[in-house]
Amino acid sequence: MEVVIQPTAEAATMVAVRLLAGLIRQKPDAVLGLATGATPLRLYWELAALKLDWRRIKTFNLDEYVGVGPEHPQSYHSFMWKNLFNRVNIAKPNVHIPDGLAKDIPGFCKKYEKQIRTAGGIDLQLLGIGTDGHIGFNEPSSSLASRTRINMLTRQTRRDNARFFGSEERVPHHAITMGIGTILESRHCVLLAFGKRKARAVAEAIEGPVTAMHPASALQLHPKVTVFLDEPAAAELKLKHYYRRVYDYKPDWQKERPMRLLHSSILVVL
Ligand code: GLP
């Protein structure tokens, strides 16, 4: 696992943008696994501002609330179209987001898994992390071998996500989510976490035991994971200084260097 610690969320985002942009340029038909939440917002805006060619890119989103239609302002459909897809030249049939209104949820989940396989698997899976350690909507106690399915949200997650819905009562109780097993099949997992609020969850994911009680810890089983953190999110890592040295002493050819301020105006490659 590579842990990249940057002074700010903006700086960490720009290193991640460079990684994603590099993949899209090198593999114009790449399959991307995408996440929602506040964390990847800037990444999407900056990536869109690069005006890359997305015509052959395929995307699969991690999750969607059950009972929430695509037009709902808090749906992950709305989030993705507003913050990324409407800003790039992606082909609509190449976009896949779980259907929160699916009548036959198990049937839908099976189909979603099949679509991922048919696309050739996910090249890069973007992830955020919940304060309870969830990835996608795989809450604590999710099987580390789980596949795309319906899952119930914990009180903590509903409380955390109340900020988007206006109140906790309005947050749905269920979601469709890719499973941990599904996520671990991606060729590269990229986790972003910013802010002090995530420090505990991040430390447990990277340095704690691998346990279903902390779903993000399953990433320790994956051979290629990159974690982008700002200082506050890295605060509780025991080996913080070691990760920093690993990154600083990397040979140049291995390094993803940050890009600066793209979505507003000018592109500067550092
Ligand atoms: C939600 C999403 C996750 C996301 C998490 C963190 O629960 N299902 O995929 O990683 O929230 O969100 P935020 O980035 O807003 O902290």
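Rules behind the numbers
Residues numbered from 1 in each chain as written. Predicted model: local features only at pLDDT ≥ 70, side-chain atom pairs only at ≥ 80, totals over all residues. Heavy atoms only, no water. Pairing = 2+ DSSP bridges. Helix = DSSP H or I, 4+ residues; strand = E, 2+ residues; numbered from the N terminus. Axes fitted to C-alpha atoms, helices over the stretch in contact; angles between N-to-C directions. Contact = heavy atoms within 4.5 Å. Buried < 20%, exposed > 50% of the residue type's maximum accessible area, 1.4 Å probe, protein only. Salt bridge = Lys/Arg side-chain N within 4 Å of Asp/Glu carboxyl O. Parallel < 35°, antiparallel > 145°, perpendicular 65-115°, else oblique. Left-handed = near helix turned anticlockwise from the far one by under 90°. Nonpolar A, V, L, I, M, F, W, Y, C, P; charged D, E, K, R; others polar. Near = heavy atom within 4 Å. Polar contact = N/O pair within 3.5 Å; in protein donor to acceptor, adjacent residues only side chain to side chain. Areas by Shrake-Rupley, 256 points an atom, 1.4 Å probe, with all protein chains shown as cover. Phe/Tyr/Trp six-rings, centres within 6.5 Å; stacked < 30°, edge-to-face > 60°. Lys NZ or Arg CZ within 6 Å of the ring centre and 35° of its normal.

**Description of the sheet that holds strand 7 (residues 149-152)**
Here comes step 1: Spatially, three strands are ordered 4-8-7 in an open sheet, and the strand pairing comes out antiparallel. Of all the strands in the sheet, the pair left with one neighbour each is strand 4 (63-65) and strand 7. Taking each pair of neighbouring strands and ignoring which way they run, the sheet shows an average axis angle of 30 degrees.
Here comes step 2: The pairing of strand 7 with strand 8 (residues 174-177) spans four bridges and is classified as antiparallel. Note that in strand 8 the partner of Asn151 across the bridge is Ala175.

**Quick look at the environment of Pro70**
Here comes step 1: Among the structural elements, Pro70 can be located in the loop between strand 4 and helix 3 (76-83).
Here comes step 2: The sequence separation of Pro70 and Trp81 amounts to 11 residues, and the corresponding C-alpha distance is 9.9 Å.
Here comes step 3: Contact partners of Pro70, with chain neighbours within four places excluded, come to Ser75, His77, Ser78 and Leu101.

**A word on helix 3**
Here comes step 1: By the criterion of burial, helix 3 is predominantly enclosed, with six of the eight residues buried.
Here comes step 2: Listed as buried for helix 3 are Tyr76, His77, Ser78, Phe79, Met80 and Asn83.
Here comes step 3: At its buried positions, helix 3 is contacted by strand 2 (31-34), helix 2 (41-49), strand 3 (58-61), strand 4 and helix 5 (155-165).

**So, the pairing of strand 2**
Here comes step 1: Of the two faces of strand 2, the one holding Val31 and Gly33 and the one holding Leu32 and Leu34 are both buried throughout.
Here comes step 2: Relative to strand 3, strand 2 runs parallel, the two sharing four bridges. Bridging from a neighbouring strand, Gly33 pairs with Phe60 of strand 3.
Here comes step 3: By the bridge criterion, two bridges tie strand 2 to strand 6 (residues 124-127) in an arrangement that is parallel. Within strand 6, the residue paired with Gly33 across the bridge is Gln125.

**Section: the pattern of salt bridges**
Working definition: two side chains of opposite charge can pair if their charged atoms are close together.
Here comes step 1: Under the criterion given, the structure shown has 13 salt bridges.
Here comes step 2: For Glu46, the salt bridge identified is with Arg42, shortest N-O distance 3.2 Å. With Glu46 and Arg42 both in helix 2, this residue pair falls four residues apart, about one helical turn.
Here comes step 3: Relative accessible area serves as the criterion here: at 28%, Arg42 is assigned to the partly exposed category.
Here comes step 4: As a salt-bridge pair, Arg147 and Glu113 come within 2.8 Å of each other at their nearest N and O atoms.

**A short note on the packing of helix 1 (residues 9-26) against helix 2**
Two measures define how a pair of helices packs: the angle their axes make with one another and the distance between the axes.
Here comes step 1: In the contact formed by helix 1 and helix 2, the axes pass within 9 Å of each other and the chain directions differ by 50 degrees. Our classification of the angle between helix 1 and helix 2 gives oblique. Our pair here, helix 1 against helix 2, has a crossing hand that is right-handed. Together, Glu10, Thr13, Met14, Ala16, Val17, Leu20, Ala21 and Ile24 of helix 1 and Arg42, Leu43, Glu46 and Leu47 of helix 2 make up the contact between the two elements.
Here comes step 2: In terms of residue class, the contact of helix 1 with helix 2 is made up of eight nonpolar, one polar and three charged.

**Some thoughts on the site of the ligand**
Here comes step 1: Contacts to the ligand come from 16 residues, most closely from Ala38, Thr39, Asp63, His134 and Lys198.
Here comes step 2: For the ligand, an oxygen atom lies 3.3 Å from a polar atom in the side chain of Asn161.
Here comes step 3: Arg197 places a polar side-chain atom, nitrogen or oxygen, 3.2 Å from an oxygen atom of the ligand.
Here comes step 4: Compared with its free state, where it exposes 390 Å², the ligand has 97% of that area covered by protein.
Here comes step 5: Class assignment for the residues of the shell around the ligand results in five nonpolar, seven polar and four charged.

**A closer look at the packing of aromatic side chains**
Here comes step 1: This model, assessed by the stated rule, comprises nine aromatic pairs.
Here comes step 2: Ring centres of Tyr44 and Phe79 lie 6.4 Å apart, and the angle between their planes is 70 degrees; on these two criteria the pair is classed as edge-to-face. Here the residue Tyr44 occupies a position in helix 2, and Phe79 occupies one in helix 3, the gap between them amounting to 35 residues.
Here comes step 3: On the basis of relative accessible area, Phe79 is assigned to the buried category, the value being 15%.
Here comes step 4: Members of the aromatic cluster, each reached through a chain of ring pairs, are Tyr65, Tyr76, Phe137 and Phe165.
Here comes step 5: In this arrangement the basic side chain of Lys92 is found over the ring face of Trp81, its NZ or CZ atom lying 5.9 Å from the centre.

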